[in-house]
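# Observations on the model geometry
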Amino acid sequence: MSKKSRKPDNQICANKKARHEYFIEETFEAGLALQGWEVKAIRAGKMTITEAYIIFRNNEAFLFGAHIQPLLSSSTHVSLDSIRTRKLLLNRREIEKLFGAVNQKGYACVPLSCYWKNSLVKCQIGLALGKKQHDKRKTLKDRDWERDKQRGFKQHLD
């Protein structure tokens, strides 16, 4: 029997690919400016951020490429754009820090996960450096070694 990894109760979606592709240096919590139909769709679990990234325009941060699939029962008088650019709600200092790191130091800014905090949708974003191919292989090797080590201890205890 294999144990399935379960997501926490408040988690909406996660970007597992980001942890594989990047070294995460620092994380930030940002709110998302959403429309009503998007909140309903998120409650139904229709959000993905695997291909999403963060862009900066006019001293503001935006989540670009996040997909929220509209519900069939959504309102007909509202134009539903499933991949529209959504504004991230961050403090000015946080935006300046992220913007400076991305433009001057060569970092990338990627969304890591989206989750509920009380009744608000929050997005955890990470300041990240890209991994090279040998770094990815080393990470996989270390993860396999840790798993095998844990298995060995379990078998030894039984």
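The preceding data block contains the structure.
Fair warning: this is a prediction, and the values are worked out from it, not measured in the lab. (Residues numbered from 1 in each chain as written. Predicted model: local features only at pLDDT ≥ 70, side-chain atom pairs only at ≥ 80, totals over all residues. Heavy atoms only, no water.)

## Some thoughts on the overall build of the protein
Rules: Helix numbering and strand numbering both begin at the N terminus, where a helix is a DSSP run of H or I of at least 4 residues and a strand a DSSP run of E of at least 2. Burial classes: relative accessible area under 20% of the type maximum marks a residue as buried, over 50% as exposed, and values in between as partly exposed (1.4 Å probe, protein chains only). We call two residues contacting when some pair of their heavy atoms lies within 4.5 Å. Surface accessibility in these figures is a Shrake-Rupley result with a 1.4 Å probe; residues are shielded only by whichever protein chains are displayed.
Each helix and strand counted, the protein has four helices and nine strands in total. Ordered by position from the N terminus, the helices and strands of the protein form the series β-α-β-α-β-β-β-β-β-α-β-β-α. Here the protein, with 158 residues, has 32% of them falling under the buried criterion. Restricting to contacts in the protein with at least 6 residues of sequence separation, those with at least 24 account for 69%. Of the roughly 11,100 Å² of accessible surface on the protein, 49% is carried by carbon and sulfur atoms.

## Focus on the packing of aromatic side chains
The following threshold applies: Note on ring pairs: Phe, Tyr and Trp rings are taken, using the six-membered ring of Trp, and paired if centres are within 6.5 Å. Classes follow the plane angle, with under 30 degrees stacked, over 60 edge-to-face and the rest tilted. By the criterion adopted, a ring carries a charge over it if an Arg CZ or a Lys NZ lies within 6 Å of its centre and within 35 degrees of its normal.
Applying the stated criterion to the full structure yields two aromatic pairs. When the ring of Tyr-53 is compared with that of Phe-64, the centres are 5.2 Å apart and the planes differ by 55 degrees; the resulting orientation is tilted. Taken together, the positions of Tyr-53 in strand β4 (residues 53-57) and Phe-64 in strand β5 (residues 60-64) put the pair eleven residues apart, joining distant regions of the chain. By relative accessible area, which is 39% here, Tyr-53 ends up partly exposed. Classification of Phe-64 as partly exposed rests on a relative accessible area of 32%. Ring geometry for Phe-56 and Phe-99: centres 5.8 Å apart, planes at 75 degrees, overall edge-to-face. On the criterion of sequence distance, the pair formed by Phe-56 in strand β4 and Phe-99 in helix α3 (residues 92-104) is long-range, its members being 43 residues apart. The class of Phe-56 is buried, set by a relative accessible area of 18%. A cation over a ring is seen here: Arg-43 above Trp-116, with NZ or CZ 4.4 Å from the ring centre.

## So, the nonpolar core
Our working rule: Here, the term nonpolar core denotes a set of buried Ala, Val, Leu, Ile, Met, Phe, Trp, Tyr and Cys residues that are joined through side-chain atoms within 4.5 Å.
Judged by nonpolar contacts, the single largest core of 29 residues is most densely connected at Met-47, Leu-88 and Ile-125. When residues of this core are traced back to their parent elements, those giving at least two are β1 (11-14), β2 (22-32), α2 (36-43), β4, β5, α3, β8 (108-117) and β9 (120-130). Element by element, the count of residues in this core is highest for β9, at four residues. Residues contacting Met-47, with those up to four places away along its chain left out, are Ile-12, Cys-13, Leu-32, Ile-42, His-67, Ile-68 and Cys-114.

## Section: the side chain of Asn-15
Topologically, Asn-15 is positioned in the loop between β1 and α1 (16-21). Owing to a relative accessible area of 4%, Asn-15 belongs among the buried residues under this scheme. Setting aside residues up to four positions removed in sequence, Asn-15 forms contacts with Ile-49, Thr-50, Pro-111 and Leu-112.

## Remarks on unusual backbone geometry
A positive phi angle, close to 55 degrees, is found at Asn-58, a residue other than glycine. Note that Asn-58 resides in the loop between β4 and β5. The class of Asn-58 is exposed, set by a relative accessible area of 72%. Phi is positive for Asn-59, which is not a glycine, with a value near 60 degrees. Along the chain, Asn-59 falls in the loop between β4 and β5. Exposure remark for Asn-59: the relative accessible area of 68% places this residue in the exposed category.

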